[in-house]
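Residue strings, one per chain:
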There are 2 protein chains.
Amino acid sequence: MNKLRNEPPLHRVQLRMRAYRGEDIAVGPGKIALLQAIAHTHSISAAARELGMSYRRAWLLVDALNRSLREPAVATSTGGARGGGSVVTPSGLALIQCYRAIETTAATAAAAHIEALKRMLAP
Amino acid sequence: MNKLRNEPPLHRVQLRMRAYRGEDIAVGPGKIALLQAIAHTHSISAAARELGMSYRRAWLLVDALNRSLREPAVATSTGGARGGGSVVTPSGLALIQCYRAIETTAATAAAAHIEALKRMLAP
């Protein structure tokens, strides 16, 4: 379905997933956006700039994410000719895919109910 | 699926829906919880107490919700022998049902991906 064509831009429905480990959010939209930015910038600091957050905050999010997973999502190398960098690991890429699959599958399955809810909104 | 039996309580995944009208959240989990509390207490102030929020905040949420819908979700009567009260309208009840249907349908459809994501979490 083409969102630009079929939906008035005023009304938009968002389905967001958060995975908790105990009281903490292990995985949520912010961490996934950060992972995606690291995946294409290969750098926590460049990803932080792209998302308008401090390096410190990005680093803390990556550290918390890595600790909450069986296998780390981001691997950082230091030194070397290009001064090191960060890469999203295969596990991290699988996490991004899984997260997006949840969002897409959920939105597709609930599409009829979502349209019904949109029709209840004032124009 | 019995959550208590099949899932370690440590790991829990939440799919939450928010409907936007322009920049504002017209419908989200907080307003739906408030509507449900009004539906069984027949009172905005009792519902506010139940949810641990101020009467003023509950009233503002109800007012914002009513304005963002084609038909109001809550109707309030004043005066009368019992001092009036608030009821969730048929439209409001339909909104609650629709919201819950979105959550349930989404979670059911994405269940396999959700389980896969849970397996990525540290034990």
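This text gives an overview of the structure that appears in the document. The structure presented is a predicted model; accordingly, all values stated were derived computationally and were not measured. (Residues numbered from 1 in each chain as written. Chains lettered and ligands numbered in written order. Predicted model: local features only at pLDDT ≥ 70, side-chain atom pairs only at ≥ 80, totals over all residues. Heavy atoms only, no water.)

What to know about the interface of chain A and chain B
Then comes step 1: Counting residues at the interface gives 38 residues for chain A, matched by 38 residues for chain B.
Then comes step 2: Of all residues in chain A, the largest losses of buried area upon contact with chain B belong to Tyr20, Arg70 and Met120 of chain A, amounting jointly to 17% of the total for that side.
Then comes step 3: Taken together, the links from chain A to chain B amount to 0 salt bridges.
Then comes step 4: At the boundary of chain A and chain B, one finds 19 residue pairs in polar contact (both at pLDDT 80 or more).
Then comes step 5: Residues that form the side of chain A that touches chain B fall into these classes: 25 nonpolar, 6 polar and 7 charged.
Then comes step 6: In terms of strand pairing, strand 1 (residues 11-21) of chain A meets strand 1 (residues 11-21) of chain B through 11 bridges, oriented antiparallel. The residue of strand 1 of chain B that forms the bridge with Gln14 of chain A is Arg18 of chain B. (Contact = heavy atoms within 4.5 Å. Buried area = accessible area lost by both parts, 1.4 Å probe. Salt bridge = Lys/Arg side-chain N within 4 Å of Asp/Glu carboxyl O. Polar contact = N/O pair within 3.5 Å; in protein donor to acceptor, adjacent residues only side chain to side chain. Nonpolar A, V, L, I, M, F, W, Y, C, P; charged D, E, K, R; others polar. Pairing = 2+ DSSP bridges. Helix = DSSP H or I, 4+ residues; strand = E, 2+ residues; numbered from the N terminus.)

Description of the pattern of salt bridges
Residue and element names in this part refer to chain B.
Then comes step 1: One pass over the full model with this rule turns up 6 salt bridges over all chains.
Then comes step 2: Measuring nitrogen to oxygen at the nearest pair gives 2.9 Å for the salt bridge that ties Arg67 to Asp63. On the criterion of helical spacing, the pair formed by Arg67 and Asp63 is a turn pair, its members being 4 residues apart in helix 4 (residues 55-68).
Then comes step 3: Residue Arg67 is classed as exposed on the basis of its relative accessible area of 61%.
Then comes step 4: For Asp63, a relative accessible area of 22% puts it in the partly exposed group.
Then comes step 5: Salt-bridge contacts for Glu103 lead to Arg100; the nearest nitrogen and oxygen are separated by 2.9 Å. With Glu103 and Arg100 both in helix 5 (residues 90-109) and 3 residues apart, the pair spans about one turn of that helix.
Then comes step 6: For Glu103, a relative accessible area of 19% corresponds to the buried category. (Buried < 20%, exposed > 50% of the residue type's maximum accessible area, 1.4 Å probe, protein only.)

Focus on the relation of the copies chain A and chain B
Then comes step 1: Superposition record for chain A on chain B: RMSD 0.0 Å, screw rotation 180°, translation along axis 0.0 Å. Taken together, the rotation and translation relating the two chain copies correspond to the operation of a two-fold axis. The C-alpha atom lying nearest the rotation axis in chain A is that of Ala106 of chain A; the distance is 2.0 Å.
Then comes step 2: A shared interface surface links the copies, since 100% of the contact residues of chain A are contact residues in chain B too. (Least-squares fit on C-alpha atoms with pLDDT ≥ 70 in both.)

Observations concerning the nonpolar core
Taken as a class, soluble globular proteins show a tendency for nonpolar side chains to be buried jointly.
Then comes step 1: By size, the foremost hydrophobic cluster in this structure holds 65 residues, and its most contacted members are Val27 and Leu35 of chain A together with Val27 and Leu35 of chain B.
Then comes step 2: Excluding residues that lie within four positions of it along the chain, Val27 of chain A makes contacts with Met17, Arg18, Ala19, Ile32, Leu65, Leu69, Leu95 and Tyr99 of chain A together with Leu121 of chain B. (Core = buried A, V, L, I, M, F, W, Y, C linked by side-chain atoms within 4.5 Å.)

Structural notes on the side chain of Ser68 of chain A
Then comes step 1: As for its placement among the helices and strands, Ser68 of chain A is situated in helix 4 (residues 55-68).
Then comes step 2: When residues no more than four places from it in sequence are discounted, the contact partners of Ser68 of chain A are Arg21 and Ala26 of chain A together with Leu121 and Ala122 of chain B.

Here's the deal with the pairing of strand 1 of chain A
All names here are of chain A.
Then comes step 1: Judged from the 3 bridges that link them, strand 1 and strand 2 (residues 24-27) form a sheet pairing that is antiparallel. Within strand 2, the position partnered with Tyr20 by the bridge is Ile25.
Then comes step 2: With antiparallel pairing between neighbouring strands as the criterion, strand 1 and strand 2 make up a hairpin whose turn holds 2 residues, including Gly22 at a positive phi of roughly 60°.

Here's the deal with the packing of helix 6 (residues 111-120) of chain A against helix 5 of chain B
Then comes step 1: With their axes 9 Å apart at the nearest point, helix 6 of chain A and helix 5 of chain B run at an angle of 150° to one another. With respect to each other, helix 6 of chain A and helix 5 of chain B are oriented roughly antiparallel. Handedness of the crossing formed by helix 6 of chain A with helix 5 of chain B: left-handed. Contacts between helix 6 of chain A and helix 5 of chain B involve His113, Ile114, Ala116, Leu117 and Met120 of chain A from the first element and Ala94, Leu95, Cys98, Tyr99, Ala101, Ile102 and Thr105 of chain B from the second. (Axes fitted to C-alpha atoms, helices over the stretch in contact; angles between N-to-C directions. Parallel < 35°, antiparallel > 145°, perpendicular 65-115°, else oblique. Left-handed = near helix turned anticlockwise from the far one by under 90°.)

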